[in-house]
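# Structure assessment
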Amino acid sequence: MVFAQKIIQSLGLTTLAQRLSAVTACRKAFFPLIFTTYSLGFLAFHSLWIIDPYDLRANGVKVSLSDKQYADSEIAKTVSLVAKSDAALVLVGGSTSMSYSKEELSEAFPNERPAANLAYSGVTAKGTDVVLARLMEMPRLKRVMISVDFTLIQSVKDIAPPIVTRYHGDGLWFDPVPDFDRKGILAAYAVLRTGKLEAPWMLRSDQNWPDFMRARKQLTLAPEALNKIRRAVNATKGALTSAPLLDCGAIGNIDAILQPRIKALTERGVKVDVFIQPFSLSIFADWTYNIHPDRDFKETGGVWSNLVGLQRCAVERLSGMANVKVHLLDPELEVAKNLGDYSDSAHLFGNTHNKNLLRAISSGSSAVTLTEFDRYISRLRQAVDTFEIP
């Protein structure tokens, strides 16, 4: 009734007859309007359920992956599609590994095509576990590449996961559809129209760059960011590498997640490459002084103890497994010491080094033993202790 009164006032109806007529018209239009709105919502919901654009259920319209690179916000949603695809190689990791394109992966591993990169920003240990479990479904899978992301440390504070883990379990037919919003509905109709999960808003605006990288510059061309890291390096000089490394018991997720998932994959004949992406030498000072380790790590010990401890544990626990190689991609720290190659202390800028790093993995030249990694730690400690920014 209030709704009708507002309409009457807005229309400037003055006589009693006019008002009564307007009220009657509103009453007649109210239920058809509600019915139409409900019907459209019902149709959209069930269309999204049946079309199932992210291919979460066994039954539905056949959905193909786009040939192009997906936007950062969409990658985690494509896990089920990749698991049901004919990909022979899949990369799993976090934001530091997102820049490897499908074309670069296929070029480095020509016998294992097509390739898919499921690295996404904000990856968690639980998300990694879900992805590796789904890869077991892939009939043509020959190789899995896993980046050693810092979130694999058990003591890392919880991060809101981009991947919705409950959409990768049992009983999905009775589960509400994911992303029941405007974008989800548009995704469903894009699939219905083309058979592909492909619409402009789903794809990277620049196919050569992850979305988060587009507004960034090389550190050497970003004076404010560089000065911030320079202050951190100067303030922490000589105080970064003295704490002992975390042992595998404190790391946790190498034993709890990676070992059993990798073992299951290799028993199927799948080759597994675990790789350590090059961090800048400045990361230890930057994360200690500017980002504060207590924000990211629940336990004490500092950035050095956590990051290098994680990497060493990956080598210790995984390098001796059958069909598994652990790769150290910058053993002589040639990349790590050059801030011009980075957009921040953790992320390489662009894709300048991608081909060389992937070639090292493909050839096996970057594979490392625990003894070799311990020698690398000595080089790394000296380099971090003496690192300066002019």
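Above: the structure in question.
Residues numbered from 1 in each chain as written. Predicted model: local features only at pLDDT ≥ 70, side-chain atom pairs only at ≥ 80, totals over all residues. Heavy atoms only, no water.

### With respect to the packing of helix 11 (residues 283-291) against helix 13 (residues 302-318)
Remark: helix 11 packs on helix 13, axes separated minimally by 8 Å, with the N-to-C direction vectors making an angle of 130°. Here helix 13 runs oblique to helix 11, going by the angle between their axes. Helix 11 and helix 13 meet at a crossing whose hand is right-handed. Where helix 11 approaches helix 13, its residues Ile283, Phe284, Trp287 and Thr288 are matched on the opposing element by Val303, Trp304, Leu307 and Val308. Here the contact of helix 11 with helix 13 is composed, by residue class, of seven nonpolar, one polar and no charged. (Axes fitted to C-alpha atoms, helices over the stretch in contact; angles between N-to-C directions. Helix = DSSP H or I, 4+ residues; strand = E, 2+ residues; numbered from the N terminus. Parallel < 35°, antiparallel > 145°, perpendicular 65-115°, else oblique. Left-handed = near helix turned anticlockwise from the far one by under 90°. Contact = heavy atoms within 4.5 Å. Nonpolar A, V, L, I, M, F, W, Y, C, P; charged D, E, K, R; others polar.)

### Points about the side chain of Asn354
Within the secondary structure, Asn354 is located in helix 14 (residues 354-363). For Asn354, a relative accessible area of 2% corresponds to the buried category. In this structure the side chain of Asn354 is engaged in a polar contact, spanning 3.0 Å, whose partner is the side chain of Glu104. Non-local contacts of Asn354, meaning those with residues more than four positions away in its chain, are made with Ser99, Tyr100 and Glu104. (Buried < 20%, exposed > 50% of the residue type's maximum accessible area, 1.4 Å probe, protein only. Polar contact = N/O pair within 3.5 Å; in protein donor to acceptor, adjacent residues only side chain to side chain.)

### Focus on a positive patch on the surface
A contiguous patch of positive charge on the surface is contributed by Arg140, Lys142, Lys271 and Lys325. Take Lys271: it is sitting in strand 6 (residues 271-276). Look at Lys271 and you get partly exposed, because its relative accessible area is 40%. (Patch = residues over 30% accessible without salt bridge, like charges linked within 9 Å, V, L, I, M, F, W, Y side chains within 5 Å. Areas by Shrake-Rupley, 256 points an atom, 1.4 Å probe, with all protein chains shown as cover. Salt bridge = Lys/Arg side-chain N within 4 Å of Asp/Glu carboxyl O. Lys, Arg positive; Asp, Glu negative; His and termini not counted. Charge placed at Lys NZ, Arg CZ, Asp CG, Glu CD.)

### Brief notes about the packing of helix 13 against helix 15 (residues 370-386)
Following both chains from N to C, one finds helix 13 and helix 15 inclined at 160°, their axes separated by 10 Å at the closest point. With respect to their mutual orientation, helix 13 and helix 15 come out roughly antiparallel. The two elements helix 13 and helix 15 meet at a crossing, and its hand is right-handed. Each of Trp304, Val308, Gln311, Arg312, Val315 and Glu316 in helix 13 lies in contact with helix 15, whose residues at this interface are Leu370, Phe373, Asp374, Ile377, Leu380, Arg381 and Val384. Looking at the contact of helix 13 with helix 15 residue by residue, the class counts come to eight nonpolar, one polar and four charged.

### Looking at the sheet that holds strand 4 (residues 143-147)
Ordered in space as 3-2-4-6-7, the five strands form an open sheet in which the pairing is parallel. Two strands bound the open sheet, and with one partner strand each, they are strand 3 (115-117) and strand 7 (324-328). Put simply, the sheet's adjacent strands are angled 15° from each other on average, direction ignored. Relative to the sheet, helix 13 contacts strand 6 and strand 7, its axis offset from that of strand 7 by approximately 155°. (Pairing = 2+ DSSP bridges.)

### A look at the side chain of Thr128
By the element assignment, Thr128 lies in helix 6 (residues 125-135). Judged by relative accessible area, which is 7%, Thr128 ranks as buried. In contact with Thr128, other than residues within four places in its own chain, are Val92, Val123 and Leu258.

### Structural notes on the nonpolar core
Formed by 110 residues in total, the largest nonpolar core has its most connected members in Val90, Leu135, Phe284 and Leu318. Tallying contributions element by element places helix 13 first for this core, with nine residues. When sequence neighbours within four positions are dropped, the list of residues in contact with Val90 reads Val82, Ala116, Leu118, Leu135, Met138, Leu141, Arg143, Val144 and Met145. (Core = buried A, V, L, I, M, F, W, Y, C linked by side-chain atoms within 4.5 Å.)

### Considering the environment of Phe212
By the secondary structure assignment, Phe212 is in the loop between strand 5 (196-197) and helix 8 (223-235). Overall, Phe212 belongs to the partly exposed group, its relative accessible area being 22%. A sequence separation of 139 residues divides Phe212 from Ser73, and the C-alpha atoms of the two residues are 10.0 Å apart. In this view, Phe212 contacts Asp72, Ser95, Met98 and His347; residues no more than four positions away in its chain are not counted.

### Quick look at the pattern of salt bridges
Applying the stated criterion across every chain, the model contains 18 salt bridges. Between Asp255 and Arg317 there is a salt bridge, with the nearest N and O atoms lying 2.7 Å from each other. One end of the pair, Asp255, is in helix 10 (residues 253-266); the other, Arg317, is in helix 13, with 62 residues separating them in the sequence. Here Asp255 falls in the partly exposed class, since its relative accessible area comes to 26%. The residue Arg317 makes a salt bridge to Glu316 at a minimum N-O spacing of 3.1 Å.

### Section: helix 14
Among all positions in helix 14, only Asn354, Leu357, Leu358, Ala360 and Ile361 are buried. Down the axis, helix 14 shows its buried residues gathered within 155° of arc, on one side only. As for helix 14, its buried residues are in contact with helix 5 (102-108), strand 4, strand 6 and strand 7. Trailing helix 14 by a residue or two, Gly364 shows a phi angle of about 85°, which is positive. (Arc of directions from axis to C-beta.)

### Let's talk about the pairing of strand 4
A large share of strand 4 lies buried, amounting to five of its five residues. Residue alternation in strand 4 divides its side chains into two sets, Arg143, Met145 and Ser147 and Val144 and Ile146, and both sets are buried. Direction of pairing for strand 2 (residues 89-92) relative to strand 4: parallel, over a ladder of four bridges. Within the sheet, the bridge partner assigned to Val90 lies in strand 4 and is Val144. Relative to strand 6, strand 4 runs parallel, the two being bridged by five bridges.

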